[in-house]
Amino acid sequence: IVGSVRCVQETGSVYFDVNSYRRSEKHTYGKLEPWSINDKNKRDEGEGAMGVGKESEKRNQEDFALWKTSKPGEPSWDSPWGKGRPGWHIECSVMAEHALGHPIDIHSGGVDLKFPHHENEIAQSEAFHDEDHWVRYFLHSGHLNIDGLKMSKSLKNFKTIREILKNYNGRQIRLLFLLHKYDSLMDFSPHSFDEPLNKDKRFQEFFLNIKAILRKSGIHQPQKFEKEEYELQNVLIRIQDSIRSVSYTHLRAHETGRNLVCRLLLEKKK
């Protein structure tokens, strides 16, 4: 990535130069959240301790750390710029490629990682590979809040599945998650299970009714094919054979399975 970075020799740190990256026709910075590029709060939060008080070392405020000089007592490795450690964006890019290869089909994470973390991962990886698509698809999941606050270890408000299973069964927990889109916020509170419990009860009652009807119907007794069943079976066999024939001979698009089914059903009516 040397052509896209600035090395600050005085401190031994290396920053990715976003403007140099932008100048290439192949590259665009801000693919995931273009409206957040000038959001200083998000940018500072994304850089964490690596960006605090380091503004003077950057060419512009969007630049981010690729390599940071280590403070006394911190882990460090030798490098051309002195002892230091990798920036956290580049740590993740390297681990992702090591595990998934290159290019990556699907990259995921929480919605809070969209900018700047994943944006910076894209920039440094596309600069390294000299390409415009390091990842084909990103899937960002919504936050899980506990009583209105983001679940995190620092707030000590996290819940484990083992804890939740003391009050609810696995089916009810699965229903809770199924009732929320993967990319939307989910708030966990004492009222979160109101709808899942109601739906679970309805499903339970429905299946109990089905079982009762089946017991009365005699369906578990040996059944014999009558004339209509034989006719239906023959129609299904003919449809299967026709669909196989279409697949094997590569007929034109209008000879689809749906047309074949309709034609065979019309023949049966005749």
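Since we're looking at a predicted model, the values are computed, not measured.

Observations regarding the packing of helix H6 (residues 170-178) against helix H7 (residues 194-217)
Phase 1: Across the interface, H6 lies against H7 with an axial gap of 9 Å and an inter-helix angle of 120°. Here H6 lies oblique to H7, going by the angle between them. Of the two possible hands of crossing, H6 and H7 adopt the one that is right-handed. Between H6 and H7, the contacting residues are Arg171, Gln172, Leu175 and Leu176 on the first element and Pro196, Leu197, Asp200, Phe203 and Gln204 on the second.
Phase 2: Class assignment of the residues belonging to the contact of H6 with H7 gives a composition of 5 nonpolar, 2 polar and 2 charged.

Comments concerning the pairing of strand E2 (residues 13-16)
Phase 1: Side chains of E2 alternate between two faces, with Ser13 and Tyr15 and Val14 and Phe16 buried alike.
Phase 2: As paired elements, E2 and strand E3 (residues 64-69) share 3 bridges and run antiparallel to each other. Looking at the pairing, Tyr15 lines up with Ala65 of E3.

Let's talk about a nonpolar patch on the surface
Phase 1: On the surface, a nonpolar cluster with roughly 650 Å² of combined accessible area is contributed by Phe203, Phe206, Phe207, Ile210, Ile213, Leu214 and Ile219.
Phase 2: Summarising the element assignment, Ile213 is placed in helix H7.
Phase 3: Look at Ile213 and you get exposed, because its relative accessible area is 54%.

Here we look at the environment of Trp67
Phase 1: With respect to the secondary-structure elements, Trp67 resides in strand E3.
Phase 2: Since its relative accessible area comes to 13%, Trp67 is described here as buried.
Phase 3: C-alpha of Trp67 to C-alpha of Arg85: the two residues are 18 residues apart in sequence and 5.7 Å apart in space.
Phase 4: At 3.3 Å, the side chain of Trp67 forms a polar contact with the side chain of Ser79.

Here's the deal with H6
Phase 1: Along H6, the positions that sit buried rather than exposed are Gln172, Ile173, Leu175 and Leu176. Down the axis of H6, the buried set is contained in an arc of 160°. They therefore lie on one face. Along H6, the residues that are exposed and aim more than 90 degrees away from the buried face are Arg174 and Leu178.
Phase 2: Packed against the buried residues of H6 are helix H5 (161-164), strand E9 (186-188) and H7.
Phase 3: Sitting at the head of H6, Asn169 places a side-chain oxygen 3.1 Å from the backbone nitrogen of Arg171.

Conventions adopted
- Residues numbered from 1 in each chain as written.
- Predicted model: local features only at pLDDT ≥ 70, side-chain atom pairs only at ≥ 80, totals over all residues.
- Heavy atoms only, no water.
- Axes fitted to C-alpha atoms, helices over the stretch in contact; angles between N-to-C directions.
- Helix = DSSP H or I, 4+ residues; strand = E, 2+ residues; numbered from the N terminus.
- Parallel < 35°, antiparallel > 145°, perpendicular 65-115°, else oblique.
- Left-handed = near helix turned anticlockwise from the far one by under 90°.
- Contact = heavy atoms within 4.5 Å.
- Nonpolar A, V, L, I, M, F, W, Y, C, P; charged D, E, K, R; others polar.
- Buried < 20%, exposed > 50% of the residue type's maximum accessible area, 1.4 Å probe, protein only.
- Pairing = 2+ DSSP bridges.
- Patch = residues over 30% accessible without salt bridge, like charges linked within 9 Å, V, L, I, M, F, W, Y side chains within 5 Å.
- Areas by Shrake-Rupley, 256 points an atom, 1.4 Å probe, with all protein chains shown as cover.
- Salt bridge = Lys/Arg side-chain N within 4 Å of Asp/Glu carboxyl O.
- Polar contact = N/O pair within 3.5 Å; in protein donor to acceptor, adjacent residues only side chain to side chain.
- Arc of directions from axis to C-beta.

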